[in-house]
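# Summary of structural features
Take a look at the letters that make up each chain.
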Amino acid sequence: MTQDEMKFDVAQAALKYVVKDTIIGVGTGSTANFFIDALATMKDDIIGAVASSVATAERLEGHGIKVFDLNDVESISVYIDGADESDDGLNLIKGGGGALTREKIVAAVAEQFVCIADESKLVSVMGDFPLPVEVIPMAANHVKRIIEKEIGGQAILRDFTTDNGNHILDIQGLKITDAKALETKLDSIVGMVTNGLFANRGANVLLLGTQNGVKVVGA
């Protein structure tokens, strides 16, 4: 079974977590795209969706799914999105696609966060995948210096501009053993918008596409 076939299977499995007659949150990235395509088969069962990126909004609208601005929504029943890495505690690294800030905001509003990924994303210790942090452009070098001095690793500026008009630093060389503490420490750096650790608000459920079907981790 290919990686795309596992992503397809896990996207299909995520449909059972969609709460009918509500507004849901939808993430960004290749696995989320498989979910959006699957969601189109039951689009009449939901009121609509809040998108975590411009690209996701366009894909949802292309399927005829109504997209809401988060400011116009009182609640989101469930947020469904992929991850770049996850540990056994359902702490995540996200942001490989550059949408980490909006993803974190939508996840914070949602009553439940269902993460969908293929089995390669589950690791014992996170950090092999570079940890993205979104920064205000004028603060990029300042944030880079603070990270490398106080956190460790090497912060590399990505050739990318976020939907918010900001830049991204990718921190390489980390071994993340206390994701919640690291997320909180990074949040204290002036000039950083957010970081790609989803630990203080991690996933409630992790659905993993495997060679032997979809594995459920968590509640």
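Here we summarise the structure given alongside this text.

### Quick word on the packing of helix 5 (residues 140–151) against helix 6 (residues 179–187)
- Here helix 5 crosses helix 6 at 140°, and the two axes come no closer than 11 Å. One element, helix 5, and the other, helix 6, form an angle in the oblique class. Seen from above, helix 5 lies across helix 6 with right-handed handedness. Counted together, Ile147, Glu150 and Ile151 of helix 5 and Leu182, Lys185 and Leu186 of helix 6 form the full contact between these two elements.

### Points about the sheet that holds strand 1 (residues 23–26)
- Taken in spatial order, the 7 strands line up as 3-2-1-4-7-13-14 in an open sheet, and their pairing is mixed. Each having just a single partner strand, strand 3 (67–68) and strand 14 (213–218) make up the two edges of the open sheet.
- With 2 bridges connecting them, strand 2 (residues 48–51) and strand 3 associate as parallel partners. By the bridge assignment for strand 3, alanine 49 is matched with valine 67.
- The sheet contacts of helix 2 (residues 30–39) involve strand 1, strand 4 (79–81) and strand 7 (113–118), and relative to strand 1 the element is tilted by about 150°.
- Packing against the sheet, helix 3 (residues 54–62) makes contact with strand 1, strand 2 and strand 3, and its axis sits at approximately 160° to strand 2.

Conventions and cut-offs
Residues numbered from 1 in each chain as written. Predicted model: local features only at pLDDT ≥ 70, side-chain atom pairs only at ≥ 80, totals over all residues. Heavy atoms only, no water. Axes fitted to C-alpha atoms, helices over the stretch in contact; angles between N-to-C directions. Helix = DSSP H or I, 4+ residues; strand = E, 2+ residues; numbered from the N terminus. Parallel < 35°, antiparallel > 145°, perpendicular 65-115°, else oblique. Left-handed = near helix turned anticlockwise from the far one by under 90°. Contact = heavy atoms within 4.5 Å. Pairing = 2+ DSSP bridges.

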